[in-house]
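Listed below, chain by chain, are the residues.
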Amino acid sequence: MRKYLRKNRKIRTAVSLAVSVVLSVAIFLLFLCIELWIGYFSTHLFQESIRISGYATKMEEEMLNRQKELFASYGLPENLTEEIWGESKAYLAFHQYMESGERKQDAEDFGQQEVLEAYLKGQGVYETEGVQNVLENVVSESKAICRRYLYPSFIGGYQQFVQERKPVFAAIMAISVLIGVLAAVFLFRCYHSRHHALYYITGSFFTAAVWNLAAAVTVRTGGCFFTPDTKSSFYLEFLNTFKDRGMYPWYVVCVTAAAFTVLLLLVSIQMRNRK
């Protein structure tokens with residue numbers, strides 16, 4: 001087969017072009033998986049973007065304001081939120097959930113009912129059935145506020161999304177490397193002069209680099225990855241931070257691919273001149 005291709009230049013050229021296309025696809029998929037793996041599918045980058053954007057601090061502030069509004073609507077003093085949460089309790093609870101993805105068994109309440117019951121007793125309010133029903137309503141609504149802010153669904157959804165797709169990316173990267181190696185070996189074995197094969201490989205890298213650049217531009221100018229749980233400014237600020245930081249691997253890969261393409265071209269020219 002190799003001898004046949006070497007003797008038939010037209011067929012060899014057509015086959016080489018087809019193999020170079022396959023090689024460019026493999027290289028592009030490899031680039032894409034690397035960029036996503038260390039970028040938007042990096043839990044470390046995800047958590048870092050939350051911290052840098054100040055999401056937790058602003059979330060805590062808004063959650064406490066919502067609780068104060070709730071207590072005020074029931075005629076309860078707003079400063080009860082300080083007794084419930086103390087200093088940075090909500091902030092720490094959110095970060096524990098962000099890092100583990102699991103809610104604590106007692107985190108649904110955070111002692112809210114005990115604080116409210118103690119307040120009512122201190123005010124000499126009898127625990128009648130009506131009072132107990134009102135207390136249950138306040139605690140239930142307060143828990144819903146806590147769950148909404150301390151355990152946002154986008155964090156658990158992101159972690160599950162990444163866990164399900166990372167094995168797929170790993171498989172694609174392994175297959176892409178295998179195909180790329182086989183395609184390069186095939187091209188080198190089709191030509192007596194190595195620089196001819198290197199031209200096709202250089203063309204494949206150039207094509208993959210162009211595709212990757214186009215993909216980077218599409219991602220950079222595209223929309224966000226998550227549907228906001230709320231329209232809060234701090235959530236959107238986190239999304240923008242995550243989107244910007246997730247693009248760093250794309251920039252690095254694009255520059256590296258372009259530099260490697262130029263290097264291959266220079267090597268192939270040098271090999272040709274030595275002939």
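Every chain is numbered on its own, with residues counted from 1 as its sequence reads. In keeping with the predicted nature of the model, local features appear solely for residues at pLDDT of at least 70, side-chain atom pairs appear and are counted solely at 80 or more, and the whole-chain, interface and lining totals rest on all residues. Side-chain metrics in this entry use all non-hydrogen atoms of the structure; hydrogen atoms and water are not considered.

Caption draft 1: How the structure looks around a nonpolar patch on the surface. Taken together, the side chains of V21, V25, L29, F206, V210 and W211 make up a nonpolar region of the molecular surface, amounting to roughly 500 Å² of accessible area. Numbering goes from the N terminus for both helices and strands, where a helix is a DSSP run of H or I of at least four residues and a strand is a run of E of at least two. Within the secondary structure, V210 sits in helix α10 (residues 194–221). Look at V210 and you get partly exposed, because its relative accessible area is 42%. Within the patch definition used here, like charges are joined within 9 Å and nonpolar side chains (Val, Leu, Ile, Met, Phe, Trp, Tyr) within 5 Å, considering only residues with over 30% relative accessible area and no salt bridge. Only the protein chains shown count as cover for residues, and all accessible areas are computed by the Shrake-Rupley method using a 1.4 Å probe. Each salt bridge in this description consists of a side-chain nitrogen of Lys or Arg and a carboxyl oxygen of Asp or Glu lying within 4 Å of one another. Any residue under 20% of the maximum accessible area for its type is buried, any over 50% is exposed, and the rest in between are partly exposed; the area is computed with a 1.4 Å probe on protein chains only.

Caption draft 2: How the structure looks around the environment of S268. With respect to the helices, strands and loops of the structure, S268 is situated in helix α12 (residues 248–273). Sequence separation between S268 and Y199 is 69 residues; the distance between their C-alpha atoms is 6.5 Å. With residues near it in sequence (within four places) discarded, S268 still touches H195, L198 and Y199. What makes two residues a contact is simply this: any of their non-hydrogen atoms within 4.5 Å.

Caption draft 3: A look at the packing of helix α11 (residues 233–246) against α12. The angle between two axes is taken between their N-to-C directions and runs from 0 to 180 degrees, where each axis is a line fitted to C-alpha atoms and a helix contributes only its stretch in contact. Where α11 contacts α12, the two axes come as close as 4 Å, and the packing angle between them is 20°. Between α11 and α12, the crossing angle belongs to the class labelled roughly parallel. Here α11 contributes D244, R245 and G246 to the contact with α12, which in turn contributes Y248, P249 and W250. Think of it as three bins: nonpolar holds Ala, Val, Leu, Ile, Met, Phe, Trp, Tyr, Cys and Pro, charged holds Asp, Glu, Lys and Arg, and polar takes everything else, Gly as well. Looking at the contact of α11 with α12 residue by residue, the class counts come to 3 nonpolar, 1 polar and 2 charged. Our angle categories are set so that under 35 degrees counts as roughly parallel, over 145 as roughly antiparallel, 65 to 115 as roughly perpendicular, and the remainder as oblique.

Caption draft 4: Up close: the side chain of S53. Counting through the fold element by element, S53 comes out in the loop between α3 (43–52) and α4 (55–73). Apart from the residues within four sequence positions on either side, S53 is in contact with K58, E237, F238 and T241.

Caption draft 5: Quick peek at the packing of aromatic side chains. Aromatic pairs are defined between Phe, Tyr and Trp rings, using the six-membered ring for Trp, whenever the two ring centres lie within 6.5 Å; interplanar angles under 30 degrees are classed as stacked, those over 60 as edge-to-face, and all others as tilted. With the rule as written, the count across this model stands at 20 aromatic pairs. Taken together, a centroid distance of 5.1 Å and an interplanar angle of 75° make the contact between Y97 and Y151 edge-to-face. Here Y97 is found in helix α6 (residues 89–100), whereas its partner Y151 is found in the loop between α8 (129–150) and α9 (153–190), with 54 residues between them in sequence. Y151 gets classed as buried once you look at its relative accessible area, which sits at 5%. Judged by centre distance (4.8 Å) and plane angle (80°), the rings of F154 and Y235 are edge-to-face. Here F154, found in helix α9, pairs with Y235, found in helix α11; they are 81 residues apart in sequence, far enough to count as distant. Owing to a relative accessible area of 5%, F154 belongs among the buried residues under this scheme. Classification of Y235 by relative accessible area gives buried; the value is 1%. An aromatic cluster of three or more residues is present, and its members are Y40, F46, Y55, F94, F154, Y158, F234, Y235, F238 and F242. When the NZ atom of lysine or the CZ atom of arginine is within 6 Å of a ring's centre and also within 35 degrees of its normal, the charge is said to sit over that ring. Its end group placed over the ring of W37, K166 keeps NZ or CZ at 4.8 Å from the ring centre.

Caption draft 6: Broad picture of the environment of A90. For A90, the position within the fold is in helix α6. Measuring from C-alpha to C-alpha, the distance between A90 and T57 comes to 9.1 Å, with 33 residues separating the pair along the chain. Apart from the residues within four sequence positions on either side, A90 is in contact with E60, M63, W85 and L150.

Caption draft 7: Fine view of the pattern of salt bridges. Enumeration according to the criterion identifies 7 salt bridges in this entry. A salt bridge links E237 to K58; the nearest nitrogen and oxygen atoms lie 2.7 Å apart. Separated by 179 residues along the polypeptide, E237 in helix α11 and K58 in helix α4 bring together distant segments of the chain. Between E69 and R66 there is a salt bridge, with its nearest N and O atoms 3.8 Å apart. With E69 and R66 both in helix α4 and 3 residues apart, the pair spans about one turn of that helix. Looking at R66, the relative accessible area reads 33%, which means it is partly exposed. One salt-bridge network, in which partners are shared between bridges, spans E62, R66 and E69.

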